[in-house]
Amino acid sequence: MKEREVFRNTSRVKEERYNYAVGIAADLFLEKGIDAVKMTDIAENSGIGVASLYRFFETKTEIVIRAGSILWKRINSDFLEYINRWNGKTGMDKLVYDLGYFRNLYVNHRSFIKFLDDFDHIMLEEKVPKERLREYESSVVNFYVPLSEACEMGKMDGTIRKDASISDVYFSVTHALLAVCQKFIRGEILTGDNFYNAG
């Protein structure tokens, strides 16, 4: 076997082991929470030595970021399945249906919402530079396209005002809905936080 082929095979094996470890870490973070999972847990569950794991990822935060990218890709797949089931008639129907995904997210992916909440706190606490989050950010589900399509459809069929701004809807409503999901996951903090029918 030529030297170049050996190198390619070795690189592929390393990449496969790297991806496998990230997948295992993602599952563990969902199951137990980020704080409860140690690098030794990931090593043990993936069959990769701790020293090798640290060669792949300098810190636990690094593997958390990579795991976050994988988890968002899974959610993206779920979201695409969800929006493809829409069978309404108007743009407003579609907008309401698409935004309904956040309820689906809360009901069916609670551990992912918890992961996001923990992730945000860790990134802020550790002051992770934005440059290190670029890959993660690119994997976050882009709700903008389907919501934009719904708004345009609604403007054409008259169910949404012509001067409605999709960017206002997108940035205010989607971020608010995700924040509400995270708040519900955290549970009641103040006595006034009474979450009736949150599920």
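Residues numbered from 1 in each chain as written. Predicted model: local features only at pLDDT ≥ 70, side-chain atom pairs only at ≥ 80, totals over all residues. Heavy atoms only, no water.

> What exactly am I supposed to notice about the pattern of salt bridges here?
Pairs can form between side chains of opposite charge once their charged atoms are near each other. Applying the stated criterion across every chain, the model contains nine salt bridges. Arg132 is the salt-bridge partner of Glu62, the closest N and O atoms lying 2.8 Å from each other. Of this pair, Glu62 sits in helix H4 (residues 60-84) while Arg132 sits in the loop between helix H7 (110-125) and helix H8 (134-139), and the two are 70 residues apart along the sequence. Across the salt bridge formed by Arg66 and Glu135, the nearest N and O atoms sit 3.2 Å from each other. With Arg66 in helix H4 and Glu135 in helix H8, this residue pair connects regions lying 69 residues apart in the sequence. Through salt bridges with shared partners, a single network forms among Glu62, Arg66, Arg132 and Glu135. (Salt bridge = Lys/Arg side-chain N within 4 Å of Asp/Glu carboxyl O. Helix = DSSP H or I, 4+ residues; strand = E, 2+ residues; numbered from the N terminus.)

> In this structure, what is going on with the packing of helix H6 (residues 101-108) against H7? I would like to understand it.
To characterise two packed helices, one gives the angle between the axes of the helices and the distance between these axes. Running from N to C, H6 and H7 cross one another at 95°; their axes reach a closest spacing of 5 Å. For the element pair H6 / H7, the angle class is roughly perpendicular. Mapping the contact onto sequence places Leu105, Tyr106, Val107 and Asn108 in H6 and Arg110, Phe112 and Ile113 in H7. Considering only residue class, the contact of H6 with H7 consists of five nonpolar, one polar and one charged. (Axes fitted to C-alpha atoms, helices over the stretch in contact; angles between N-to-C directions. Parallel < 35°, antiparallel > 145°, perpendicular 65-115°, else oblique. Contact = heavy atoms within 4.5 Å. Nonpolar A, V, L, I, M, F, W, Y, C, P; charged D, E, K, R; others polar.)

> Help me understand helix H2 (residues 39-46), please; the structure alone is not making it clear to me.
Those residues of H2 lying buried are Met39, Ile42, Ala43 and Ser46. All buried residues of H2 fall inside an arc of 100° around its axis, so they share one side. After H2 finishes, the residue Gly47 shows a positive phi value of roughly 75°. (Buried < 20%, exposed > 50% of the residue type's maximum accessible area, 1.4 Å probe, protein only. Arc of directions from axis to C-beta.)

By themselves, these figures tell us nothing about what the structure is for.
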